[in-house]
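# Structural features, examined
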Amino acid sequence: MKKLLGRPTSLLIIIAVLVFAMFLQVGSMSTLPGQQVDSVNRALPFMVLLVGLFFYLVYLWYELLRPYVLGHWLIISAIFVSVHWGIAISYQQKSIEQYRQQIVDLFESQFGYIDWDYIDSVTTLFLSSHMNHQLYNVNSFLMYMSLSFFTSIVLVYKLGE
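The notes below deal with the structure included here. (Residues numbered from 1 in each chain as written. Predicted model: local features only at pLDDT ≥ 70, side-chain atom pairs only at ≥ 80, totals over all residues. Heavy atoms only, no water.)

## Looking at the packing of helix α1 (residues 7–28) against helix α6 (residues 138–159)
Close contact between α1 and α6 brings their axes to 9 Å; oriented N to C, the two are set at 145°. Of the two possible hands of crossing, α1 and α6 adopt the one that is right-handed. Between α1, through Ala 16, Val 19, Phe 20 and Phe 23, and α6, the contact on the second element is made entirely by Val 138, Ser 140, Phe 141, Tyr 144 and Met 145. Classifying every residue of the contact of α1 with α6 gives eight nonpolar, one polar and no charged. (Axes fitted to C-alpha atoms, helices over the stretch in contact; angles between N-to-C directions. Helix = DSSP H or I, 4+ residues; strand = E, 2+ residues; numbered from the N terminus. Left-handed = near helix turned anticlockwise from the far one by under 90°. Contact = heavy atoms within 4.5 Å. Nonpolar A, V, L, I, M, F, W, Y, C, P; charged D, E, K, R; others polar.)

Encoded structure:
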């Protein structure tokens, strides 16, 4: 029990709070529909940092779970994470489609026509600054955390054999 409440748990909580703050920050760096788009997404350095923190989170989860996780809990956790991801991706797709429709409506009301090339360019590119608030929000933070948890479960299972 001492290890469960020790250093890996404390670091995990600190990193999770930091990652949550970064997700909110990147989400707030969105370009509003109709605004001029910068050639470079200003949130890109945060995105790169999130990749590194992901691997550190996997390591912390691994250190935390390695002594305590039994085989059946691995399977139950993996099923739970898979169900969560199915629901979260469905929600994310619905949210992106609603945002896309907002841009279509705004563009049509401002200019009297719909420029599908523009709309496709700002809503289909992962690095588009228009998509920051769609891709970096509470839902995607939970997906990020559950994926790091799932990855560590797989590592505990594979490395524990």
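## Description of the pattern of salt bridges
Two side chains bearing opposite charge may form a pair once their charged atoms approach each other closely. Under the definition given, this model contains two salt bridges. Note that Arg 66 and Glu 63 form a salt bridge whose closest N and O atoms lie 2.8 Å from each other. Residue classification places Glu 63 among the buried positions, given a relative accessible area of 16%. The closest approach of N and O atoms between Arg 100 and Asp 120, which form a salt bridge, is 2.7 Å. Here Arg 100, found in helix α3 (residues 71–111), pairs with Asp 120, found in helix α4 (residues 116–124); they are 20 residues apart in sequence, far enough to count as distant. By relative accessible area, Arg 100 is classed as buried at 17%. (Salt bridge = Lys/Arg side-chain N within 4 Å of Asp/Glu carboxyl O. Buried < 20%, exposed > 50% of the residue type's maximum accessible area, 1.4 Å probe, protein only.)

## Thoughts on the side chain of Gln 92
Tracing the sequence through the fold places Gln 92 in helix α3. Gln 92 sits in the buried class, given a relative accessible area of 10%. For Gln 92, the contacting residues outside a window of four places in its chain are Gln 134, Leu 135, Asn 137, Asn 139 and Ser 140.

## Topic: a nonpolar patch on the surface
On the surface, Phe 20, Leu 24, Val 138 and Leu 142 cluster together into a nonpolar patch covering about 320 Å² of accessible area. Sorting the residues of the nonpolar patch by element identifies α1 and α6 as the ones contributing at least two each. Counting through the fold element by element, Val 138 comes out in helix α6. The class of Val 138 is partly exposed, set by a relative accessible area of 43%. (Patch = residues over 30% accessible without salt bridge, like charges linked within 9 Å, V, L, I, M, F, W, Y side chains within 5 Å. Areas by Shrake-Rupley, 256 points an atom, 1.4 Å probe, with all protein chains shown as cover.)

## Brief notes about the nonpolar core
Core analysis: the biggest nonpolar cluster contains 37 residues, and Val 19 and Tyr 144 have the highest contact counts within it. Going through the elements one at a time, α1, α2 (44–65), α3, α4 and α6 are the ones with two or more residues in this core. Ranked by the residues each element gives to this core, the list is headed by α2, at 11 residues. Setting aside anything within four residues of it in sequence, one finds Val 19 in contact with Leu 50, Leu 53, Leu 57, Phe 141 and Tyr 144. (Core = buried A, V, L, I, M, F, W, Y, C linked by side-chain atoms within 4.5 Å.)

## Describing α4
Looking at α4, one finds that the buried residues are Ile 119, Val 122 and Thr 123. Down the axis of α4, the buried set is contained in an arc of 90°. They therefore lie on one face. Exposed residues lying more than 90 degrees from the buried face of α4 are Asp 117 and Thr 124. Of the residues flanking the start of α4, the one acting as N-cap is Asp 115, its side-chain oxygen 3.3 Å from the backbone nitrogen of Asp 117. (Arc of directions from axis to C-beta. Polar contact = N/O pair within 3.5 Å; in protein donor to acceptor, adjacent residues only side chain to side chain.)

## A closer look at the packing of α1 against α2
Running from amino to carboxyl end, α1 crosses α2 at an angle of 155°, the nearest separation of the two axes being 10 Å. Taken together, the axis directions place α1 and α2 in an arrangement best described as roughly antiparallel. For the pair α1 and α2, the crossing hand works out as left-handed. From α1, Pro 8, Thr 9, Leu 11, Leu 12, Ile 15, Leu 18, Val 19, Met 22, Phe 23, Gln 25 and Val 26 reach across to α2, where they touch Phe 46, Met 47, Leu 49, Leu 50, Leu 53, Tyr 56, Leu 57, Leu 60, Trp 61, Glu 63 and Leu 64. (Parallel < 35°, antiparallel > 145°, perpendicular 65-115°, else oblique.)

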